[in-house]
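# Secondary and tertiary structure notes
Spelled out, the chains give:
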Amino acid sequence: MATISSSARAADAAFTQFVTSLWPEAQAAGVSREAFERETRGLEPDYKLPDLILPGRPKTGAAAQAEFVQVPADYIKDASIARLAGEGQKLLQKYRPALNEIEKKFGVPATVVLAIWGRETDYGRYKLPYDTLRVVATQAYVGRRKDQFRTEFILALKILSDGVVSRKEMTSSWAGATGYTQFLPSEYYKHGVDLDGDGKIDIWHSVPDALASAAQQLVNKGWQPGLRWAYEVKAPANVDCTTGVPEVTKPIGEWLRAGFVPVRGQKLSAAEQAQQASLLQPEGIYGPAFLTTTNYFVIKEYNFSDLYVLFVGHLSDRMTSPLPFATPWSASSQLRSADVEAMQKHLTRIGLYKDKLDGKAGMQTRAALGAYQKSAGLKVDCWPSDAVLRAMSAAR
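## Details of the packing of aromatic side chains
Considering all chains together, one arrives at 16 aromatic pairs under this definition. Ring geometry for Phe 15 versus Tyr 141: centroids 5.2 Å apart, planes at 70 degrees, classification edge-to-face. Here Tyr 141 lies in helix 9 (residues 132–142) and Phe 15 lies in helix 1 (residues 6–20), a separation of 126 residues in the sequence. Residue Phe 15 shares its accessibility class with Tyr 141, and that shared class is buried. Ring plane angle 75 degrees and centroid distance 5.2 Å describe the contact between Phe 290 and Phe 325, whose orientation is recorded as edge-to-face. Placement of the pair is Phe 290 in strand 8 (residues 289–292) and Phe 325 in the loop between helix 16 (306–318) and helix 17 (337–349), with a sequence separation of 35 residues. Exposure remark for Phe 290: the relative accessible area of 1% places this residue in the buried category. Linked through ring pairs, Trp 229, Phe 290, Tyr 296, Phe 297, Phe 325 and Trp 329 together constitute an aromatic cluster. Arg 119 extends its terminal NZ or CZ atom over the ring of Phe 311, reaching a point 4.7 Å from the ring centre.

Given below as structure tokens:
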């Protein structure tokens, strides 16, 4: 029989000691001693999770999230959107009373909360693979965001102690998000709603509770009733793609006067034209362009990825209209994360970029690239390409 190495035993003993030391915090949060003992007995860390810092080993970066490595056309696949929209239309009928109540109470459209559910867990069909408690305990012990996950661990214990869901059913993503609509334990306590009135907030089995909780989370993050998430527009040929950052906002009417045209001849009311919006060009000057409202950024608080928001917003629209984006995604290829990170480092060195070095071509990276292209006399398209990478390498 294989023997466990003494260092592995010591590591697990230290983990057990760490978990045991959290009892006073758990007690203060209302976790019963019986639940604490039951749930932490035999609990072991999972060192294969992403986002950990393990002594003597390289950092495990987050498992490449689809939002950031795929080009938009791969992430926002029209076939997936069409399938989810068709199912969403059936669910609109099935949960009509609960959804009417959500719209009345929170001012969030039924299609938006359904789209979040569809994106997060394929309307509950996707079975989350991890044990939530084990994930948050490991992240609290050796994760890059220990303090945050210490709180999540205490609150995951509280959920189990409150008896809302069994440990076996409380499964999560690798980052500890659980339930139909993927909430962290702290979000469950911050935004959870008992819409079906059975006396408990159950985002694992009750669709009305899960969808109302998603709506409440959006409201708590600043959702404005009656405001669209974004408008697809055709950008003028002379568009300055470096203005596509959240900091540059103008009334929609002003963007229209500058030559941006709502697609398919859509007419916007005076109230809509008065709304502030910023420009989003997910593929630089290629592919669709959008004028994004406050509500766009509220959905982005749910998941910090532009492609996630585009997926949810577009899926929500497709439940009431069968039309795809008017401008197709161009078949641009995405550089490897390491190359995008090399670009970010170069842009930081020359003072054009101040955001995270994460290998993800988000809004700030695209705008900084455009600024670099302007200064280097290159074609300004705000898109990370081999040509830009070569120009930067030559300039070093």
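That shown, we press on.
## Focus: unusual backbone geometry
In this structure, Asp 51 is a non-glycine residue whose phi angle is positive, near 70 degrees. Following the sequence through the fold, Asp 51 ends up in the loop between helix 3 (33–40) and helix 4 (66–69). The phi torsion at Arg 264 lies on the positive side, around 55 degrees, for a residue other than glycine. Turning to its location among the elements, Arg 264 is positioned in the loop between strand 5 (261–262) and helix 14 (270–274). Judged by its relative accessible area of 48%, Arg 264 falls in the partly exposed class.

## A word on the environment of Val 108
Here Val 108 is to be found in the loop between helix 7 (96–106) and helix 8 (110–121). When the C-alpha atoms of Val 108 and Lys 234 are compared, they prove to be 27 Å apart, with 126 residues separating the residues in sequence. If sequence neighbours within four positions are ignored, Val 108 has contacts with Ile 102, Glu 103, Val 113, Ala 215, Leu 218, Val 219 and Trp 223.

## Digging into the sheet that holds strand 3 (residues 230–234)
Pairing is antiparallel in the open sheet, where 5 strands are placed in the order 4-6-8-3-5. Here the strands that pair on one side only, and so sit at the sheet edges, are strand 4 (249–251) and strand 5. The sheet contact formed by strand 3 and strand 5 spans 2 bridges and is antiparallel. The partner of Val 233 across the bridge, within strand 5, is Pro 262.

## Remarks on the packing of helix 6 (residues 78–94) against helix 8
Look at helix 6 against helix 8: their axes get within 10 Å of each other, and the N-to-C directions meet at 125 degrees. Here helix 6 is positioned oblique relative to helix 8, judged by the angle of their axes. Where helix 6 crosses over helix 8, the handedness of that crossing is right-handed. Judged by residue contacts, Leu 84, Gly 88, Leu 91 and Leu 92 of helix 6 engage Ala 110, Thr 111, Leu 114, Trp 117 and Gly 118 from helix 8.

## Here we look at the nonpolar core
Counting residues in each nonpolar core, the largest one holds 87 residues, and the members touching the most others are Ile 76, Leu 99, Trp 117, Phe 153, Leu 218 and Leu 315. Counting residues in each nonpolar core, the second largest holds 12 residues, with Leu 335, Leu 347, Ala 368 and Val 388 among its members.

## Some details on the state of the cysteines
Evaluated as defined, the whole model comprises 1 disulfide. Two residues share a disulfide in this structure: Cys 241 and Cys 382, whose sulfurs sit 2.1 Å from each other. Taking the sign of the S-S torsion, about 85 degrees here, the bridge from Cys 241 to Cys 382 comes out right-handed. Of this pair, Cys 241 sits in the loop between strand 3 and strand 4 while Cys 382 sits in the loop between helix 18 (363–375) and helix 19 (386–395), and the two are 141 residues apart along the sequence. In this pair, the class of Cys 241 matches that of Cys 382, namely buried.

## A short note on the packing of helix 12 (residues 207–220) against helix 15 (residues 294–302)
Relative orientation and spacing of two packed helices are given, respectively, by the angle between their axes and the distance between those axes. The interhelical angle for the contact between helix 12 and helix 15, taken along N-to-C directions, is 120 degrees, at an axis separation of 9 Å. Here helix 15 runs oblique to helix 12, going by the angle between their axes. Of the two possible hands of crossing, helix 12 and helix 15 adopt the one that is right-handed. Here Ala 214, Gln 217 and Leu 218 of helix 12 lie close against helix 15, whose contacting residues are Val 298, Ile 299 and Tyr 302. For the contact of helix 12 with helix 15, the residue count by class is 5 nonpolar, 1 polar and no charged.

So, how was this worked out
- Residues numbered from 1 in each chain as written.
- Predicted model: local features only at pLDDT ≥ 70, side-chain atom pairs only at ≥ 80, totals over all residues.
- Heavy atoms only, no water.
- Phe/Tyr/Trp six-rings, centres within 6.5 Å; stacked < 30°, edge-to-face > 60°.
- Helix = DSSP H or I, 4+ residues; strand = E, 2+ residues; numbered from the N terminus.
- Buried < 20%, exposed > 50% of the residue type's maximum accessible area, 1.4 Å probe, protein only.
- Lys NZ or Arg CZ within 6 Å of the ring centre and 35° of its normal.
- Contact = heavy atoms within 4.5 Å.
- Pairing = 2+ DSSP bridges.
- Axes fitted to C-alpha atoms, helices over the stretch in contact; angles between N-to-C directions.
- Parallel < 35°, antiparallel > 145°, perpendicular 65-115°, else oblique.
- Left-handed = near helix turned anticlockwise from the far one by under 90°.
- Core = buried A, V, L, I, M, F, W, Y, C linked by side-chain atoms within 4.5 Å.
- Disulfide = S-S within 2.5 Å.
- Nonpolar A, V, L, I, M, F, W, Y, C, P; charged D, E, K, R; others polar.

Structural measurements only, silent on function.
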